[in-house]
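Structural overview for review
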Amino acid sequence: MTVTRYIQRHSLLKRVIHGIHTVATLILIASGAVIFIPALGRSVGFDFVQAVRVSHRVFAVVFITAPLVGLITAPKGFVHIVKNLFAPWDDDDKKFMKMFVKYMFSSKTTHMPKQHEVKSGQRLADGALIFSALLIAVTGVLLWAGKFLSPELFRVSLMLHDVAFVLVLILMGAHIYLGAGIFQPYRGLIRLMFGNGRVSEEEARYHWGHWADEELKSGEHVIVE
Amino acid sequence: MTESAILYDSSKCSACKGCQIQCKQWNMLPSPLAKNEYEFTGSYQSMADLNGDTRILMEFREKDTDNGIEWAFSRRACFHCSEPACMEVCPVGAISQLENGTVKLDSTKCIGCKYCTAACPFDVPKYRENFGVSNKCTMCDDRVAQGREPACVKTCPAHAMTFGPRDEMLSIAKARVAELKAEGFDKAELYGETEMGGMHSLFVAKYGLEAHGLIRDPKKSDIISLIQLAKPLAGIGVAAVVGGLGLSFLTGIGYKRDALPDDAPTSDVAKEEE
C-alpha cells in the first residue's frame, strides 16, 4: 500500500474566511465595475444598477467584517500572517524574484529555488493586496459617510477608491491565475484554500522546499494517509 | 431647437427670495417646519448653502461702506453648463442635456452615487438624504416644455430674472453690463457666456465676479479629470495583465512536473555550472 504524507497548510477558519472574502471581493468587483464604467451602468439599466448598488454596500460590510472576525477569533494566526509578510529575504528569496518572470513564460524549463512558508513574490503580492484592500475599505467607508465630508475630501476619497479598485482588479487577476492553479505548475493548489487545506509532500517540496523540510522534520502538521 | 437661458441681473434683484419659495412650491420640495431649524447665517440669507430640498438660494454678501451696508446678491443654482462635468460622470445616465441646453437630473433614474456632487465645480448638486438621490435645478423643463418660464423667473417681482433664447439673453446682459459700467460700476461683468463651454444660466455681476462669490474661469475638478483619465489607463493595465497571463498560460501548455526532478538545479545555478 502506498503511503502519502500531507502537510496541513491552512486551518478551517482561515479557509472559511478566505472563501467568504473571495465571494465578497468578486461581487464587489463586479458591482463596482458597473459604477466605475459609466457605459456599463447605462447598458444594464437603472433597476439593475440600483440593485447592484445595494449589494455593493451589503458585501462591503462582509468584506470588512470577515477579516476582522479572523483577527478577533485567531489573533495568533493574524500575527503569523504578518510575520511571514515581513520575514527577511534570504538568497533563495532574491533568486526566486529574479527568476519569476522567466518562470511565468517558460515554466517547462525553469526550476525555481526552495522557498519558505510564503514565497518571496507572494509576500510582495500579499502586501500589495492587503494595502489595496485597506485603501478601498477606508475610502469606501468615507464615501458611504459622504454627507459628513467636505466636497474636496469626498473627491479625494473617490479618486483613491478608484485607484484601489484598479489595483485590486489587477492583483486579484494574478492571485487567481496562480492560486487557483490556472498556471500549470500551480495546478491543484486551489484545494489549499477551497479544499481540505492539505498539500502533499511532493507538492510542498516543489513549491516551498524550506518550509516542507521544516514541517516534515517537526511532524506537527503532517498527516499520513 | 434654440438654446435657452435664464438671465439673472444682480443689479435689479431685491433678494426677496420669492424665487426660492416658488421653486420649492412648483417642484414640491419641503422646507423644515421647526423654528430656527437652519443655523443662523449671520445675514438675511436663509441657509448656508443649497441642500437636497433646495435647488435655488439667494446669497447675501454684505459690505460696510460710507453709504451704509451694500449687498451683493447672488442667485445660487445650477448654471446648466454646455460641458457639464456632472453628466460626464453619471454612471446611469440620470443626467442629460436637453436640446435647449438644460442639464436635467432625472431623480427616477438617479442611484445616489454622489459622483455628480463631486464632479460639479460649483458644488451645486446636493444629495437628498430621505430619497437617496441627487437634486438640482432642472430649469423647470416641465414648464418650459409647455411654453412657460421657469417658476423662479415667473415669480420675480423685480424682473431681475428673464428667460428666453440664449442669444437674446446674452445681448440683454451685455447691454446691461455696459449700462452699469456707464453708471460707475466699473467692475460689472457678465458671467456664463464662455465659462464651462457656455452656460445656460447667465449672471450680471454688478460688483464683479468675486464680490458675488462667482468662480473666475471655473474648471472641472483636477481630481475628477484624473479619475476620468485613470479609467482608460486602468483598461490598458488590466488588458496588459490579462494578455501577459494568457501568454504565460499558452507557454505552459504541456507542462509536466516529472520533467523537472525535485533536485534539479535552479535555472541560474545551471548556467553557473555551464
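This text follows the structure it describes.
Summarised in this report is the structure supplied together with it.

Conventions we followed
Residues numbered from 1 in each chain as written. Chains lettered and ligands numbered in written order. Predicted model: local features only at pLDDT ≥ 70, side-chain atom pairs only at ≥ 80, totals over all residues. Heavy atoms only, no water. Helix = DSSP H or I, 4+ residues; strand = E, 2+ residues; numbered from the N terminus. Buried < 20%, exposed > 50% of the residue type's maximum accessible area, 1.4 Å probe, protein only. Contact = heavy atoms within 4.5 Å. Buried area = accessible area lost by both parts, 1.4 Å probe. Salt bridge = Lys/Arg side-chain N within 4 Å of Asp/Glu carboxyl O. Polar contact = N/O pair within 3.5 Å; in protein donor to acceptor, adjacent residues only side chain to side chain. Nonpolar A, V, L, I, M, F, W, Y, C, P; charged D, E, K, R; others polar. Pairing = 2+ DSSP bridges.

Here we look at the overall build of chain A
- Looking only at helices and strands, chain A has 10 helices and 3 strands in total.
- Scanning chain A from its N terminus toward the C terminus, one meets helices and strands in the order β-α-α-α-α-α-α-α-α-β-α-α-β.
- The buried share among the 225 residues of chain A stands at 42%.

Thoughts on the interface of chain A and chain B
- The interface of chain A with chain B comprises 51 residues on the first partner and 51 residues on the second.
- Counting the surface lost from both chain A and chain B, the interface buries some 4300 Å², and carbon and sulfur atoms represent 62% of this.
- By the criterion of area lost to chain B, the three top residues of chain A are A:Lys108, A:His111 and A:Arg155, representing 17% of everything that side buries.
- Its salt-bridge partner being B:Asp123, residue A:Arg155 comes within 2.8 Å of it at the nearest N-O pair.
- Between the two partners, chain A and chain B, sit 15 residue pairs in polar contact (both at pLDDT 80 or more).
- Counting residues per element, the side of chain A that touches chain B draws most heavily on helix H7 (residues 151–179) of chain A, at 14 residues.
- In terms of residue class, the side of chain A that touches chain B is built from 27 nonpolar, 11 polar and 13 charged.

Structural notes on unusual backbone geometry
Residues and elements named next belong to chain B.
- Phi is positive for Cys140, which is not a glycine, with a value near 45°.
- The topology assignment puts Cys140 in the loop between strand E7 (133–135) and helix H4 (141–145).
- For Cys140, a relative accessible area of 7% puts it in the buried group.
- Positive phi outside glycine occurs at Asp217, with the angle close to 50°.
- A relative accessible area of 51% means that Asp217 is categorised as exposed.

Observations concerning the pairing of strand E10 (residues 201–205) of chain B
Residue and element names in this part refer to chain B.
- A large share of E10 lies buried, amounting to 5 of its 5 residues.
- Side chains Ser201, Phe203 and Ala205 of E10 all project onto a buried face; the interleaved residues Leu202 and Val204 project onto the opposite face, where all are buried too.
- Strand direction decides the pairing type here: strand E1 (residues 4–9) and E10, joined by 4 bridges, are parallel. Note that in E10 the partner of Leu7 across the bridge is Leu202.
- Both strand E9 (residues 189–191) and E10 contribute to a ladder of 3 bridges, which runs antiparallel. Bridging from a neighbouring strand, Glu189 pairs with Ala205 of E10.

What to know about the side chain of B:Thr54
- With respect to the helices and strands, the residue B:Thr54 is situated in the loop between helix H1 (18–26) and strand E2 (57–65).
- If we ignore the near neighbours within four places in the chain, the residues touching B:Thr54 are B:Lys24, B:Tyr38 and B:Met47.

Quick look at the pattern of salt bridges
- Scanning all chains against the criterion turns up 21 salt bridges over all chains.
- In this structure, B:Arg216 and B:Glu189 form a salt bridge, with 2.8 Å as the shortest nitrogen-oxygen distance. Linking B:Arg216 in the loop between E10 and helix H7 (222–251) with B:Glu189 in strand E9, this pair joins segments that are 27 residues apart in sequence.
- Each of A:Arg5, A:Lys114, A:Glu201, A:Arg205 and A:Asp213 takes part in one network of salt bridges that share partners.

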